[in-house]
Amino acid sequence: MAKILVVEDDRDLNKAYCIILRHEGHDVVAAFDGKEALVKLSEIKPDLVLLDLLMPVMGGLEFLKAWADHKKNDAKILLFTNMENSPEISEAYKLGASRCIIKSWTAPHNLAKVVNDTLKSDSFKKIKSRPKVQKV
Amino acid sequence: MNQANLKLSQQKSIRKSKEADALFNSIGEGAITTDEFGRITRVNKPALKMLGFHKSELIGQPFLKLVIAEDFDGKVIGTIDRPIVQAFLTGQSILTKLNYRTKKGTLLPVDISISPLMLNNRPVGAIEVFRDISLEQEIDRMKSEFISLASHQLRTPLSAIKTYSHMLRDGYMGKLNKHQKSSLDTIIGATNRMNELISTLLNISRIESGTINVTLKKNNIEKVIKEIIPELTLIADAKAIEFKLVSTSTESLEIVTDALIVKEIVTNLVSNAIKYTEANGKVCLTIAPRKQDILLKIKDSGWGIPEIARDKVFTKFYRGSNIVSKETNGTGLGLYLVKGLIEAINGKIWFKSVEKKGTTFYVSLPRELDLK
């Protein structure tokens, strides 16, 4: 089980991602813009942040800049956006994002798979049991 | 020459000069002429209006010092690089776009055409005609903004429909019967097609309106392509197609290009290969760097392209007769889009195909992209 912070301004989508990831056995906290995410980042110290780019108050890129400045923890950043082929995605990679997934192309089981794979990659050791991955 | 002839000749000369003045002033766009020392010899009303000067402030003055030119990144263009100097030095006409600083200090984007004035094969000055393109630039900016916003805004509700349909089908909200599941599959299929259509139309709109952004940067081609492999693997897995990436890297993998456009091209070609290959088939993407370029090969074991269709595959809305009945969800826009994207980064595309055995698409990307 990992701690995941879902940062998505669309309330319907935010709720859906939380349901999917809780279903996978993760501990999930929701934030609706970058500013709120920064506060929750300090509080819960997540292992992974599922981050939208275009949000009111503070967007994903501004959040990443602030995150890089403070280096509040070593959370992995998984971009989850609909801004396909945008320069913002390259910018986000430079700012430390590990991976980018296009929302409207991604089914829930794929979201769960990508989250679990990202958590498992590199030095991440906290997953106790790897959740079952469902084939399409 | 007697006095009468001299008078007639003078009158003719005055008349010609007046005709030239009238012609010069009737040009609807800004026009300025300079002598061989770069001093302004003539300037018309539209030019005075656009630049905000009085005629008396310009005539006889050095054009290069009085009217500052900048590129679109805000850098002042040095004397030797000014198009009017280049036209004078090379004796060639020049067409270009730049910003002029007006007398008030505001920036004026202009499209300019410069021709050297030649006398006995020697340049004795130049004529520059320019027009204000600020409105065009504003329209281009608005088009790009609209495309980007439309892309995001059209997709957000679609993401919600797709996510919740999947959640319902996968039993997140309780168990469903076979009929209910199949209905949800129909909804999911339709949202996927809608998504595909939005992506394609937005990209085509970018290419056709000339608002496609080409950002050049030194990249490692393997690294760029590896970023899209997870998504492509998901698409291949969904159809039980064996998808692999092969890299034959004896030559350098370095390339100066637009990574986003390359990703879009590869994504389109690989998804196309998966789409037109039967379940349990194979798709292989090979990165084969060569001295002069980077060659990408996308090979599938699919249905192939019939001989009769080979010169039409890159045409808008064209779909092969052999696949229309097998795969009904195509738009006929994918390869048209790919070709447009490849041309935007000066690449080339071609293919070899054997019907019922498969197709290999080849993409050649130049190592150094010079868009000038």
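Residues numbered from 1 in each chain as written. Chains lettered and ligands numbered in written order. Predicted model: local features only at pLDDT ≥ 70, side-chain atom pairs only at ≥ 80, totals over all residues. Heavy atoms only, no water.

## Brief notes about the overall build of chain A
Turning to step 1, where the next piece is worked out: The number of helices and strands found in chain A is 5 helices and 5 strands.
Turning to step 2, where the next piece is worked out: Counting from the amino terminus, helix and strand elements in chain A follow one another as β-α-β-α-β-α-β-α-β-α.
Turning to step 3, where the next piece is worked out: Going through the 136 residues of chain A one by one, you find that 58% of them count as buried.
Turning to step 4, where the next piece is worked out: In chain A, once contacts between residues fewer than 6 apart in sequence are set aside, the share between residues at least 24 apart is 61%.
Turning to step 5, where the next piece is worked out: Here chain A displays about 6100 Å² of accessible surface, and carbon together with sulfur accounts for 52% of that area. (Helix = DSSP H or I, 4+ residues; strand = E, 2+ residues; numbered from the N terminus. Buried < 20%, exposed > 50% of the residue type's maximum accessible area, 1.4 Å probe, protein only. Contact = heavy atoms within 4.5 Å. Areas by Shrake-Rupley, 256 points an atom, 1.4 Å probe, with all protein chains shown as cover.)

## What about the domain arrangement of chain B?
A common way to report how large an interface is uses the accessible area buried once the components associate.
Turning to step 1, where the next piece is worked out: Under the domain assignment used here, chain B contains domain 1 (3–132), domain 2 (136–212) and domain 3 (214–372).
Turning to step 2, where the next piece is worked out: The C-alpha centroid of domain 3 of chain B is placed 49 Å from the C-alpha centroid of domain 1 of chain B. (Domains from an automatic or database assignment.)

## Comments concerning the packing of helix α9 (residues 229–238) of chain B against helix α10 (residues 259–275) of chain B
Residues and elements named next belong to chain B.
Turning to step 1, where the next piece is worked out: Look at α9 against α10: their axes get within 10 Å of each other, and the N-to-C directions meet at 10°. Compared by their axis directions, α9 and α10 come out roughly parallel. The residues of α10 that touch α9, namely those facing L232, I235 and A236, are T267, V270, S271 and I274.
Turning to step 2, where the next piece is worked out: When its residues are assigned to classes, the contact of α9 with α10 shows 5 nonpolar, 2 polar and no charged. (Axes fitted to C-alpha atoms, helices over the stretch in contact; angles between N-to-C directions. Parallel < 35°, antiparallel > 145°, perpendicular 65-115°, else oblique. Nonpolar A, V, L, I, M, F, W, Y, C, P; charged D, E, K, R; others polar.)

## Brief notes about the environment of E222(B)
Turning to step 1, where the next piece is worked out: Relative to the helices and strands, E222(B) resides in helix α8 (residues 221–226).
Turning to step 2, where the next piece is worked out: In this structure, the C-alpha to C-alpha distance between E222(B) and E254(B), residues 32 residues apart in sequence, is 8.8 Å.

## With respect to the sheet that holds strand β13 (residues 358–366) of chain B
Residues and elements named next belong to chain B.
Turning to step 1, where the next piece is worked out: Pairing is mixed across the open sheet formed by 5 strands, whose spatial order is β8-β10-β11-β13-β12. Every interior strand has two partners, whereas the edge strands, β8 (242–247) and β12 (348–354), have only one. Strand-to-strand twist of the sheet, defined as the mean angle between neighbouring strand axes without regard to direction, takes the value 15°.
Turning to step 2, where the next piece is worked out: For β8 and strand β10 (residues 282–289), the ladder comprises 6 bridges, and the chain directions are parallel. Across the sheet, the residue bridging to F243 is V283, located in β10.
Turning to step 3, where the next piece is worked out: Along the sheet face, α9 touches β8 and β10 and points at about 150° away from the line of β8.
Turning to step 4, where the next piece is worked out: Along the sheet, helix α12 (residues 334–344) contacts β12 and β13; its crossing angle with β12, the most-contacted strand, is approximately 145°. (Pairing = 2+ DSSP bridges.)

## With respect to the sheet that holds strand β2 (residues 27–31) of chain A
Residues and elements named next belong to chain A.
Turning to step 1, where the next piece is worked out: Spatial strand order, β2-β1-β3-β4-β5: 5 strands in an open sheet with parallel pairing. Of all strands in the sheet, those bounded by a partner on one side alone are β2 and β5 (97–102). For this sheet, the mean angle separating the axes of adjacent strands, direction not counted, is 20°.
Turning to step 2, where the next piece is worked out: Sheet analysis places strand β3 (residues 48–51) next to strand β4 (residues 76–81), joined by 4 bridges and oriented parallel. In the strand pairing of β4, L51 is matched with L79.
Turning to step 3, where the next piece is worked out: With respect to the sheet, helix α1 (residues 11–23) is in contact with β1 (3–7), β2, β3 and β4, its orientation differing from that of β2 by roughly 170°.
Turning to step 4, where the next piece is worked out: Running at roughly 160° to β4, helix α5 (residues 108–120) makes contact with β1, β3, β4 and β5 of the sheet.

## A few points about the environment of L53(A)
Turning to step 1, where the next piece is worked out: With respect to the helices, strands and loops of the structure, L53(A) is situated in the loop between β3 and α3 (60–70).
Turning to step 2, where the next piece is worked out: Those residues in contact with L53(A) that lie beyond four places of it in its chain are G59(A), G60(A), L61(A), L79(A), F80(A), T81(A), M83(A), E88(A), I89(A) and A92(A).

## Side note on the side chain of R169(B)
Turning to step 1, where the next piece is worked out: Note on placement: R169(B) falls in helix α6 (residues 134–169).
Turning to step 2, where the next piece is worked out: What makes R169(B) buried here is its relative accessible area of 19%.
Turning to step 3, where the next piece is worked out: Those residues in contact with R169(B), other than ones at most four positions away along the chain, are H109(A), L176(B), K181(B), L184(B), D185(B) and I188(B).

## So, the packing of α10(B) against α12(B)
Residue and element names in this part refer to chain B.
Turning to step 1, where the next piece is worked out: Contact pair α10 / α12: the axes reach a minimum separation of 10 Å and the direction vectors enclose 155°. As far as their axial angle goes, α12 and α10 are roughly antiparallel. Here α10 and α12 pass one another in a crossing that is left-handed. Contacts between α10 and α12 involve I261, E264, I265, N268, L269 and N272 from the first element and G334, L335, L337, V338, L341 and I342 from the second.
Turning to step 2, where the next piece is worked out: The residue inventory of the contact of α10 with α12, partitioned by class, reads 8 nonpolar, 3 polar and 1 charged. (Left-handed = near helix turned anticlockwise from the far one by under 90°.)

## A few points about α5(A)
All names here are of chain A.
Turning to step 1, where the next piece is worked out: Taking 1.5 Å as the rise per residue, α5 with 13 residues should run 18 Å; its terminal C-alpha atoms sit 18 Å apart, in good agreement.
Turning to step 2, where the next piece is worked out: Along α5, 10 of the 13 residues are buried, which leaves the element largely enclosed by surrounding structure.
Turning to step 3, where the next piece is worked out: The set of residues buried in α5 consists of P108, H109, N110, L111, A112, V114, V115, N116, T118 and L119. (Expected span 1.5 Å × (residues − 1).)

## With respect to the interface of chain B and chain A
Turning to step 1, where the next piece is worked out: Taken together, the 28 residues of chain B in the interface contact 34 residues of chain A.
Turning to step 2, where the next piece is worked out: When chain B packs against chain A, close to 2800 Å² is buried across both sides, 58% of that on carbon and sulfur atoms.
Turning to step 3, where the next piece is worked out: For chain B, the biggest contributors to the area lost against chain A are H152(B), Y172(B) and L260(B); these three give 22% of the whole.
Turning to step 4, where the next piece is worked out: Where chain B packs against chain A, one counts 0 salt bridges.
Turning to step 5, where the next piece is worked out: Seen at the junction of chain B and chain A, the total is 4 residue pairs in polar contact (both at pLDDT 80 or more).
Turning to step 6, where the next piece is worked out: Examining the composition of the side of chain B that touches chain A, we find that 12 residues originate from one element, α6(B), more than from any other. (Buried area = accessible area lost by both parts, 1.4 Å probe. Salt bridge = Lys/Arg side-chain N within 4 Å of Asp/Glu carboxyl O. Polar contact = N/O pair within 3.5 Å; in protein donor to acceptor, adjacent residues only side chain to side chain.)

## Some points on the environment of L119(A)
Turning to step 1, where the next piece is worked out: Take L119(A): it is sitting in helix α5.
Turning to step 2, where the next piece is worked out: Taking the C-alpha atoms as reference points, L119(A) and K76(A), 43 residues apart in sequence, are found 7.5 Å from one another.

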